[in-house]
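Examination of the molecular architecture
Listed here are the chains, written in short residue letters.
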Amino acid sequence: MERWTGTHVRAHAEELAELLADTVAGGASVGFLAPLAHADAAAWWRERAEATAAGRLALWAALDDTGRPVGTVSLVHPDKPNSRHRAELVKLMVHRSVRGQGLGRRLLGTAETAAAAGITLLHLDTETGSPAEHLYRSAGWTRAGTIPDYAASPAGELRPTTLYYKRLGG
């Protein structure tokens, strides 16, 4: 895992776009509808580069043997003074070609370990009934509740989301 700066994200926006498009095509609800155009995915990543450069977003990338990103995880840091003790875990993505090899768990662990410096609470939302729910539960995350019709799946169907949190640092 490598922590990427805004410069890295900008330089690899095209490859990250391919990862995002693959994730959406595979049915993961990460905020986009299918089919996701490559240009739209690359533009979205370029916007994330600015947030990363500004310190509002911490991003880690997992690379294959060729240096291509095959997984990401990010932490969004709130900008309000009363919430600097927490972060939101977002965009845990694993390319379909490397799923089932424990990469999602390693990405999650990387973000949790990195967050422990000053962060005492992580939270996230994920599509209810998705494979990601099993990952979060097995990694010690606590289910906080479910919101019906929260977001559209990549196919456009309204789906519920489940909120999770994890306390860090005892």
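Criteria and thresholds
- Residues numbered from 1 in each chain as written.
- Predicted model: local features only at pLDDT ≥ 70, side-chain atom pairs only at ≥ 80, totals over all residues.
- Heavy atoms only, no water.
- Helix = DSSP H or I, 4+ residues; strand = E, 2+ residues; numbered from the N terminus.
- Polar contact = N/O pair within 3.5 Å; in protein donor to acceptor, adjacent residues only side chain to side chain.
- Contact = heavy atoms within 4.5 Å.
- Salt bridge = Lys/Arg side-chain N within 4 Å of Asp/Glu carboxyl O.
- Buried < 20%, exposed > 50% of the residue type's maximum accessible area, 1.4 Å probe, protein only.
- Core = buried A, V, L, I, M, F, W, Y, C linked by side-chain atoms within 4.5 Å.
- 1 Å grid on protein atoms, 1.4 Å probe; cavity = no way out; pocket = protein on both sides within 12 Å on 5 of 7 lines; lining within 4 Å.
- Points joined across faces, edges and corners; volume = space filled by probe spheres on them.
- Nonpolar A, V, L, I, M, F, W, Y, C, P; charged D, E, K, R; others polar.

What follows is about the side chain of threonine 161. In this structure, threonine 161 sits in strand 7 (residues 158-167). In this structure the side chain of threonine 161 is engaged in a polar contact, spanning 3.4 Å, whose partner is the side chain of aspartate 125. With sequence-adjacent residues up to four places away left out, threonine 161 is seen in contact with Asp125, Thr126, Glu127, Thr128, Gly145, Thr146, Ile147 and Tyr150.

All told, the structure shown has ten salt bridges when counted by the stated rule. Measuring nitrogen to oxygen at the nearest pair gives 3.7 Å for the salt bridge that ties arginine 48 to glutamate 47. Exposure remark for glutamate 47: the relative accessible area of 48% places this residue in the partly exposed category. The residue lysine 80 makes a salt bridge to aspartate 79 at a minimum N-O spacing of 3.8 Å.

In this structure, Leu75, Leu89, Leu92, Leu108, Leu122, Tyr136 and Trp141 are the most contacted members of the largest nonpolar core, which totals 25 residues. If you tally residues by element for this core, the top one is helix 4 (residues 103-115), at five residues. Aside from chain neighbours lying at most four places away, what touches tryptophan 141 is Leu89, Leu108, Glu112, Leu122, His123, Leu124, Tyr136, Tyr164, Tyr165 and Lys166. Counting residues in hydrophobic clusters, the runner-up holds 18 residues, among them Leu16, Leu20, Ala41 and Met93.

Within the secondary structure, valine 98 sits in the loop between strand 4 (86-94) and helix 4. Given the relative accessible area of 17%, valine 98 is considered buried. The sequence separation of valine 98 and glycine 71 amounts to 27 residues, and the corresponding C-alpha distance is 8.8 Å. Contact partners of valine 98, with chain neighbours within four places excluded, come to Val70 and Leu103.

By volume, the largest pocket is sized at about 1,000 Å³. Forming the walls of the largest pocket are 39 residues, and the residues nearest its centre are Val30, Leu92, Thr126, Ala132 and Tyr136. Where the lining of the largest pocket is concerned, the elements lending two or more residues are strand 4, helix 4, strand 5 (121-127), helix 5 (131-138), strand 6 (142-152) and strand 7. For the lining of the largest pocket, a count of residues per class yields 19 nonpolar, 13 polar and seven charged.

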